[in-house]
Amino acid sequence: MDKPPGVRARRQSPSMADVAVRAGVSHQTVSRVLNNPETVRPDTRERVLAAIGALGYRRNTAARALVTRRTRLIGVVNPGEARFGPTNTTVAIEEAAREAGYATTVTVIRDARAATIQAALDHFLSLGVDGIVVVAARSQVAAAAERLAGELPVVMVAAGLRSTSSLHVVAVDQELGARLATRHLIDLGHTEIVHVSGPNDWFDARARVAGWRREMEQAGLEVSPLVAGGWDGIQGYDLAHRFVRERRVPHAVFAANDQMALGMLRAFYEAGVRVPEDVSVVGFDDIAGSEYFTPPLTTVRQPFAAVGRRCLEVVLGALDGGRPSTTLIPPELVIRASSGPPPSSAPA
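Keep in mind that what you see is a predicted model, and the values were worked out from it rather than measured.

J.: I'd like to hear about the nonpolar core, residue by residue, with values.
T.: Ranked by internal contacts, the top residues of the largest apolar core, which has 26 residues, are Val196, Met264, Phe268 and Val281. If you list the elements that add at least two residues to this core, you get β6 (194–197), α10 (233–245), β8 (252–255) and α11 (258–270). A total of six residues in this core trace back to one element, the largest contributor, which is α11. Once you skip the residues sitting within four places of it in the chain, Val281 turns out to touch Val253, Ala261, Leu265, Phe268, Val275, Leu297, Thr298, Ser338 and Ser339.

Structural data, given as structure tokens:
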């Protein structure tokens with residue numbers, strides 16, 4: 001049937017067979033390059049990739065899903081918190097999925113009501129996702145999200161949880177990070193280390209409290225009363241000013257995150273309290289720009305990229321029959337100028 005005047009015929013997309021003809025290889029060789037490139041000789045692989053680029057070939061994911069029974073789509077549950085940890089974890093999962101040839105679809109859950117969780121499950125099941133990663137900042141979300149496990153692979157990103165018969169767990173070892181920060185201050189000679197905590201319903205905050213407390217106890221030091229903080233700079237700022245007003249500025253403070261540490265640095269500066277000569281301040285997260293605080297902030301760096309990669313490995317392993325496991329990824333202490341020896345031992 002002829003096209004109406006002025007209407008161009010739709011260009012047919014190149015097929016895998018077209019790529020094979022252009023590269024001078026078999027259809028099976030093209031398939032191996034796309035799915036198992038390490039099994040193809042480098043010169044042949046490069047020839048096939050060149051043909052793919054020249055033709056503009058795109059894999060038909062719908063057809064591939066019919067054959068493999070996999071959509072190469074991962075569902076990600078985000079807690080809806082515009083905070084450093086959840087945001088960077090979600091980004092890392094998306095990047096790791098893309099590198100592995102997968103796509104992600106994200107849904108936000110701000111509460112743990114059964115209806116909310118069921119809506120997320122229904123959404124993911126309707127899309128045919130291969131697995132789900134739940135970034136569970138708060139304990140309520142994690143408890144509700146466990147209902148997702150059993151129907152398809154579910155990986156929980158939450159410090160302090162352990163895997164179950166149907167639930168996989170991947171997390172930064174938050175307790176270890178807190179112990180590294182506390183041990184650093186102890187090694188500098190501090191015996192009184194105050195911890196300003198994050199919100200108690202956050203997994204990360206509770207794990208950091210546990211790490212600080214256990215490191216102090218292991219060193220045989222008295223554990224100071226916990227100071228309840230939050231995640232925001234204003235909370236650290238107000239607490240530091242309160243320390244000054246009440247004339248009880250500690251020699252060392254371990255803040256639960258860098259934002260609170262930044263607020264404390266500003267308040268101490270305004271009050272004429274020197275950091276680290278009068279008080280050492282250590283944060284957690286190594287947020288962008290923390291090396292440019294005044295002074296540059298000693299902190300704990302979280303390996304978000306490693307978390308993302310491990311989440312994808314666990315999902316793919318589960319699809320191949322892998323058993324649930326718990327993976328804790330160690331963070332890194334970054335020592336800068338905001339920490340030093342206590343005043344009594346500082347060099348003259």
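J.: I'd like a rundown of the sheet that holds β8, residues and numbers included.
T.: Read across the open sheet, the four strands follow the order β7-β6-β8-β9; overall the sheet is parallel. The sheet is open, and its two edges are formed by β7 (227–228) and β9 (280–282), each paired on a single side. Relative to β8, β6 is paired through three bridges, and the arrangement is parallel. Note on β8: the bridge partner recorded for His195 is Phe254.

J.: Just give me the short version of the confidence of the model for the protein chain, but keep the residues and values in it.
T.: Overall, the prediction assigns the protein chain a mean pLDDT of 87, with 89% of residues at 70 or greater. When the criterion is pLDDT under 50, residues 6–10 qualifies, and its contacts beyond four places in sequence or with other chains add up to one contact.

J.: Explain the sheet that holds strand β3 (residues 131–135) to me, using residue names and the numbers behind them.
T.: In space, the six strands of this open sheet follow the order β2-β1-β3-β4-β5-β11, with parallel pairing throughout. Each end of this open sheet is capped by a strand with a single partner; those strands are β2 (103–108) and β11 (326–329). The sheet shows a mean angle of 20 degrees between the axes of neighbouring strands, direction not considered. Where strand β4 (residues 154–157) meets strand β5 (residues 167–172), three bridges bridge the pair, whose relative direction is parallel. Residue pairing across strands places Met156 opposite Val169, the latter belonging to β5. Its contacts with the sheet place helix α5 (residues 84–99) against β1 (73–78), β2, β3 and β4, and it is angled at close to 155 degrees to β3.

Rules behind the numbers
Residues numbered from 1 in each chain as written. Predicted model: local features only at pLDDT ≥ 70, side-chain atom pairs only at ≥ 80, totals over all residues. Heavy atoms only, no water. Core = buried A, V, L, I, M, F, W, Y, C linked by side-chain atoms within 4.5 Å. Buried < 20%, exposed > 50% of the residue type's maximum accessible area, 1.4 Å probe, protein only. Helix = DSSP H or I, 4+ residues; strand = E, 2+ residues; numbered from the N terminus. Contact = heavy atoms within 4.5 Å. Pairing = 2+ DSSP bridges. pLDDT = per-residue confidence, 0-100. Axes fitted to C-alpha atoms, helices over the stretch in contact; angles between N-to-C directions.

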